[in-house]
Amino acid sequence: MQSHPPSEPHGISRRGFLSVSASLAAATPLVVRSAEAAAPAADAQDPDAAAEVFFSINNQPYRLSLDVRTTLLDALRDHAGLTGTKKGCDHGQCGACTVLVDGKRVLSCMTFAVMQDGAEVTTVEGLAAPDGTLHPMQQAFIDNDAFQCGYCTPGQIMSAIACVNEGNADTDADIREYMSGNLCRCAAYPNIVAAIRQARDEIRRA
Amino acid sequence: MRPFAYERAQSAEAALGAVSGTSADAGQPTRAEAQYIAGGTNMTDYMKLGVARPAKLIDVNRLQDPALRRIEFDDSGLRFGALVRMSEAEKHPDVKRRLPVIAQSLMLAASPQIRNMASLAGNVLQRTRCEYFREITWPCNKREPGSGCSALDGVNRQHAVLGVSDACIATYHGDFAQALIALDASLELVGGRGRRSIPFAELHRLPGDTPHIETALSPDEMITAIVVQAPPWAARSTYLKIRDRQSYAFSLASAAVALDMDGDTVREARVALGGLATVPWRAREAEAALQGKRLDEDTARAAAGAAFADARPREHNAFKIALGQETLVRALIETRDMEI
C-alpha cells in the first residue's frame, strides 16, 4: 500500500472485533463500518481511494471499505476478522483459501473483493449450526482423522461440500479428481477421501 | 501491487469507453494501461507478481448482454458467450455429446475452483507460465522486449519444441484452445472500430522476433463469443492430456483429435497439440498424413512423426518430442475406437 499506512481497518483491533462479534446473537445483522471516510461504491476512478464493498458473509451483512487491491481472501481475514479461511500459496495453486461464493467453490485469493460486491460468501465459520453442531463434513473430517497439521482443512472442507453438492463424489476416483485443487502437504489424502465418502452418504440421507 | 483504478462496466460500449484515452503501449494489448478482468484467475496472479501492471481494471463480469452468459446451439454448431465459465461449458449436455473434445479440454484444464471462476474468453487469453516470464528479476523478451530469453539456456523442461524462435520458447499452456483450433472455431470481437469476426487460429501470434506481441487483438478489443461448428462427426473427438501428476497440472503433452471416418479410413482428421508449442498448435502435417489412410498403429505413428518434423528441442525438453508423439498416437487410436 503506497498511500494508506497499515491501520486497523475498523478502528478496533481484530481481537476486540472478534469479541464483539462473538457476543452478538447469530441473527443480529452485523455491519462492519470502516474508520475511513465513505468512498463511492463500485467504481473507484482514483486508485488511492477506498471502495465500499457490501456482501453477505455466512448470512451476515458486511460493509467494508477496502483498497481495491484487496483480495477476497484478505478482506475475509484482515477486514472481516474471519481467519478460518487460510492463505497458503496466494497464487491459486493450493486451494487453502477455498470459499463458496453464491454457492460455488472459488479461490478467494484469485479475485478482488470489490469484484464480489453483492455476493453471498460462505466460509468455514458459517458451517456449524447455531447450537454448535458441526456440519456433517466437519464431523466426517474429525471421525476419519482427515488432517494432520490442519492448515489446508478449511479449504478442503469447503471444497468437499461443493464436490458433494455438485454430484462429483460418486466414486473414490471422482472424489480424487474433483478434490485435486486442494493440496495437503501432510498427505492425509486417503482419510480425506474417506471423510468425503462418509459425509456424502449422510448428506444424501438428510 | 501497483495501485489501479477499478471500473465496473454495464455494457460493452461502456467498457470500450473506459479503455479509450489510456495508453495502449504501441498496440500491445497485454501491456496496455487498461485491462479487462473477468474471472481474474490469471490476471490477479500476474498482478501480484508484478508481471501485469495495469493502471485501470475494467470489470466486465456485469455486462448486461445475456448472450455473453449463454451457450446457444443449432444444427451447425455452438456459440459460447465470452463470460460463460469453464465449469458451465464442460457440463453442458450438448457440448459433452456433440463436441466431447471441448468438454474434456475444459474438464482437464484446471481445478474445479478455477473452472468455476474462469471465463471462456479469459481462458483463451491466458498468458504463459514460463518460470522466467513469471519472475520479474529474470530477463524475458516477452515481458521486457529486448532483455533476452533466460529459458533458452536455462531450465527449460516445460518449454516448447514447436513454434519456437531465438527470442522465446515459452509454452502456451491452455487446453481449451487446442480443441478450438482443431475444430476451426472463430471469435466474435468488439472494439473501438466496431464488431468483427476472426478465425480462432489467427488470435495467437508466433513469438518470432516480437514475443511481447501475443495476440491479434487491439488493446481495446474484447472477445464477445466463441463459435464452433459441430458437424455430426465431431462427436468422435477426444482430448488426451499427459501431466507430471494425475490431475491439476499443466500438460507436458496433449492432443486434441477429431476424426471424420469412413469405416476404417480417415475422411478428414483434425489434430492439435498442447503443452508443446508457443501458441495453440494445429498439426496440419499430421492431418495430411492421415487423410485417406486406414487408421492403425502404423499410420498413426507416421502422422505423429510428421507432426514433430520441425521440432526444435533445447537442453531439457527433448523428451517432449517422443512424449508428444506417443500422446498423439494414443489419442488417435482412442478416438478411432470411440462408439458414437
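Definitions and limits used
- Residues numbered from 1 in each chain as written.
- Chains lettered and ligands numbered in written order.
- Predicted model: local features only at pLDDT ≥ 70, side-chain atom pairs only at ≥ 80, totals over all residues.
- Contact = placed C-beta atoms within 7 Å.
- Helix = DSSP H or I, 4+ residues; strand = E, 2+ residues; numbered from the N terminus.
- Domains from an automatic or database assignment.
- Nonpolar A, V, L, I, M, F, W, Y, C, P; charged D, E, K, R; others polar.
- Pairing = 2+ DSSP bridges.
- Axes fitted to C-alpha atoms, helices over the stretch in contact; angles between N-to-C directions.
- Buried ≥ 20, exposed ≤ 12 C-beta atoms within 10 Å, placed from the backbone.
- Expected span 1.5 Å × (residues − 1).
- pLDDT = per-residue confidence, 0-100.

Counting residues at the interface gives 31 residues for chain A and 22 residues for chain B. Among the secondary structure elements, those contributing two or more residues to the side of chain A that touches chain B are strand 4 (104-107) and helix 5 (172-178) of chain A. Among the elements that line the side of chain A that touches chain B, the one with the most residues is strand 4 of chain A, at 4 residues.

All right, on to the domain arrangement of chain A then. All names here are of chain A. Here the domain parsing of chain A yields domain 1 (14-124) and domain 2 (136-205). Every contact between the two is made by 14 residues of domain 1 and, on the other side, 11 residues of domain 2. Looking at the side of domain 1 that touches domain 2, the elements that each hand over two or more residues are strand 3 (98-101) and strand 4. Residues belonging to the side of domain 1 that touches domain 2 are distributed by class as follows: 6 nonpolar, 5 polar and 3 charged.

The next subject is the sheet that holds strand 4 (residues 71-73) of chain B. Residue and element names in this part refer to chain B. Sheet architecture is open: 5 strands sit in the order 4-5-8-6-7, paired in antiparallel fashion. On the outer flanks of this sheet lie strand 4 and strand 7 (194-199), each paired with one strand and no other. Averaged over all adjacent pairs, the angle separating strand axes in this sheet is 20 degrees, with direction ignored. The sheet contact formed by strand 5 (residues 77-81) and strand 8 (residues 222-229) spans 5 bridges and is antiparallel. Bridge pairing in strand 8 places glycine 81 opposite alanine 225.

All right, on to the environment of alanine 49 of chain A then. Tracing the chain through its elements places alanine 49 of chain A in the loop between helix 1 (14-23) and strand 1 (50-57). By C-beta crowding, alanine 49 of chain A is classed as partly exposed, having 19 other C-beta atoms within 10 Å.

Turning next to helix 4 (residues 153-165) of chain A. Working note: α-helix, 3.6 residues per turn, so residues spaced by three or four point in the same direction. The end-to-end C-alpha distance of helix 4 of chain A is 18 Å, a good match for the 18 Å that 13 residues give at a rise of 1.5 Å each. Of all 13 residues in helix 4 of chain A, 12 are buried; the element is thus mostly enclosed. Every buried residue of helix 4 of chain A is listed here: Thr153, Pro154, Gly155, Gln156, Ile157, Met158, Ser159, Ala160, Ile161, Ala162, Cys163 and Val164 of chain A. Contacts made by the buried residues of helix 4 of chain A are with strand 3, strand 4, helix 3 (136-143), helix 5 and helix 6 (189-205) of chain A together with helix 6 (112-117) of chain B. Glycine 167 of chain A sits one or two positions beyond helix 4 of chain A and adopts a positive phi of about 80 degrees.

On to the confidence of the model for chain B, then. Interpretation of this model should avoid reading the predicted coordinates in detail wherever pLDDT is low. Per-chain confidence: chain B averages 95 in pLDDT, with 98% of residues scoring 70 or above. Two summary scores accompany this predicted model of the complex, namely pTM at 0.91 and ipTM at 0.95.

It is worth spelling out the sheet that holds strand 1 (residues 5-8) of chain B at this point. Residues and elements named next belong to chain B. Taken in spatial order, the 3 strands make up an open sheet running 1-3-2, and their pairing is parallel. Strands with a single pairing partner mark the edges of an open sheet, and in this sheet they are strand 1 and strand 2 (34-37). Direction aside, the axes of adjacent strands within the sheet are offset by 25 degrees on average.

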